[in-house]
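One-letter residues, chain by chain:
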Amino acid sequence: MTGQLPQTVRSDARDNRAHILDAARAVFGEAGLSAPMRAIARHADLAPATLYRHFPTKQALIAQTFTEQRRACHAAVRDALTDADPWHGFQNLIQRICELHARSKGFADAFVTAFPEATDFAADRERTLRAVAELARRAQEAGELRPGFVVDDLILMLTAHQGLQHAPLPVRLTASRRFAAFVIEAFRAAPDTGAPTPCCRHRACGTCAHPRHCEPGNPVAGEPDRP
């Protein structure tokens, strides 16, 4: 009997730890990192003392809760950097990060706001930003990424992306994919076709990018000249 007791205690402790992490993923995922530890204990149907015995600080709980998401983020960065086509790698990184953030408000909070106690997330954030900067350099050299892109645009993008977090998960994921597609198109370098840019009166007005196309007697194709 005495020989079985330590094994039973260890089994109970493992079960409690698993319950806490499941509860933390659910609570942080929906409410973000502002959710109190007591809410997680209630969700796990455990006493707060049991939670604190396993995770003395919120920082420790956050780091363990999002281990899988952090690994997925590392994989997205690695795959993007090793892609032979930098623009393809850049697009995939944007899509995968948006999906990770859409699936968990807590992970998005930790990444975007640089939660002050979550030092591991700060390291992940810097790693991702360095990857984006390197990808951007390659994609710009390939002529695929717009020259005006800067690495801080990723944080700006994800801050805007957080506006989707209040929708139910299926709606959130669908909207996130559309959001990522629009953002990628916004980042794409516009082809220089040399086509005329018509001004409002189709005449030289000093504001048209191609005034010679707006001279009298040279209307935009398919439209009559205006006085």
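These numbers were taken from a predicted model, which means no experiment stands behind them.

## Observations regarding the confidence of the model for the protein
Then, number 1: Here the protein shows a mean pLDDT of 80. Residues at 70 or above account for 77%.
Then, number 2: When pLDDT is averaged over each helix and strand of the protein, the minimum, 81, is found for helix H1 (residues 5-31) and the maximum, 95, for helix H10 (residues 169-187).
Then, number 3: Overall, residues 193-227 carries pLDDT values under 50, and its contacts beyond four positions in sequence, including any with other chains, amount to 41 contacts.

## Let's talk about the pattern of salt bridges
Then, number 1: Here the structure, examined in full by the defined rule, presents 10 salt bridges.
Then, number 2: The partner of Glu 99 in a salt bridge is Arg 103, and the shortest N-O contact between them spans 3.1 Å. Note that Glu 99 and Arg 103 are positioned in helix H6 (residues 86-103) at a spacing of four residues, about one turn of the helix.
Then, number 3: Residue Glu 99 is classed as partly exposed on the basis of its relative accessible area of 30%.
Then, number 4: You can call Arg 103 partly exposed: its relative accessible area is 44%.
Then, number 5: We note a salt bridge from Glu 134 to Arg 137, for which the minimum N-O separation is 2.6 Å. Highlighted residues: Glu 134 and Arg 137, both in helix H8 (residues 119-141), separated by three residues, approximately one helical turn.

## Regarding the nonpolar core
A general tendency of soluble globular proteins is for nonpolar side chains to be buried together.
Then, number 1: Grouped together as the largest cluster of nonpolar side chains are 51 residues, with contacts concentrated most on Phe 28, Leu 61, Phe 90 and Met 157.
Then, number 2: Those residues within four positions of Met 157 in sequence are excluded, and the remaining contacts are Ile 94, Cys 98, Phe 179, Val 183 and Phe 187.

## A few points about the environment of Val 150
Then, number 1: With respect to the helices and strands, Val 150 occurs in the loop between H8 and helix H9 (152-161).
Then, number 2: Assessed through its relative accessible area of 45%, Val 150 is described here as partly exposed.
Then, number 3: Along the chain, Val 150 and Ala 133 lie 17 residues apart, while their C-alpha atoms are 7.5 Å from each other.

## Details of helix H2 (residues 37-44)
Every α-helix carries 3.6 residues per turn, so stepping three or four residues along brings you back to the same face.
Then, number 1: Every buried residue belonging to H2 is among Met 37, Ala 39, Ile 40, Ala 41 and Ala 44, and all of these are buried.
Then, number 2: Where H2 terminates, the next one or two residues include Asp 45, which has phi positive at roughly 60 degrees.

## Quick look at unusual backbone geometry
Then, number 1: At Asp 45, a residue that is not glycine, the phi angle is positive and equals roughly 60 degrees.
Then, number 2: Positionally, Asp 45 belongs in the loop between H2 and helix H3 (48-54).
Then, number 3: Classification of Asp 45 by relative accessible area gives exposed; the value is 69%.

## Describing the environment of Asn 16
Then, number 1: Inspection of the secondary structure puts Asn 16 in helix H1.
Then, number 2: Each C-alpha atom, one on Asn 16 and one on Leu 51, is 8.2 Å from the other, the two residues being 35 residues apart in sequence.

Each value, and the rule that gives it
- Residues numbered from 1 in each chain as written.
- Predicted model: local features only at pLDDT ≥ 70, side-chain atom pairs only at ≥ 80, totals over all residues.
- Heavy atoms only, no water.
- pLDDT = per-residue confidence, 0-100.
- Helix = DSSP H or I, 4+ residues; strand = E, 2+ residues; numbered from the N terminus.
- Contact = heavy atoms within 4.5 Å.
- Salt bridge = Lys/Arg side-chain N within 4 Å of Asp/Glu carboxyl O.
- Buried < 20%, exposed > 50% of the residue type's maximum accessible area, 1.4 Å probe, protein only.
- Core = buried A, V, L, I, M, F, W, Y, C linked by side-chain atoms within 4.5 Å.

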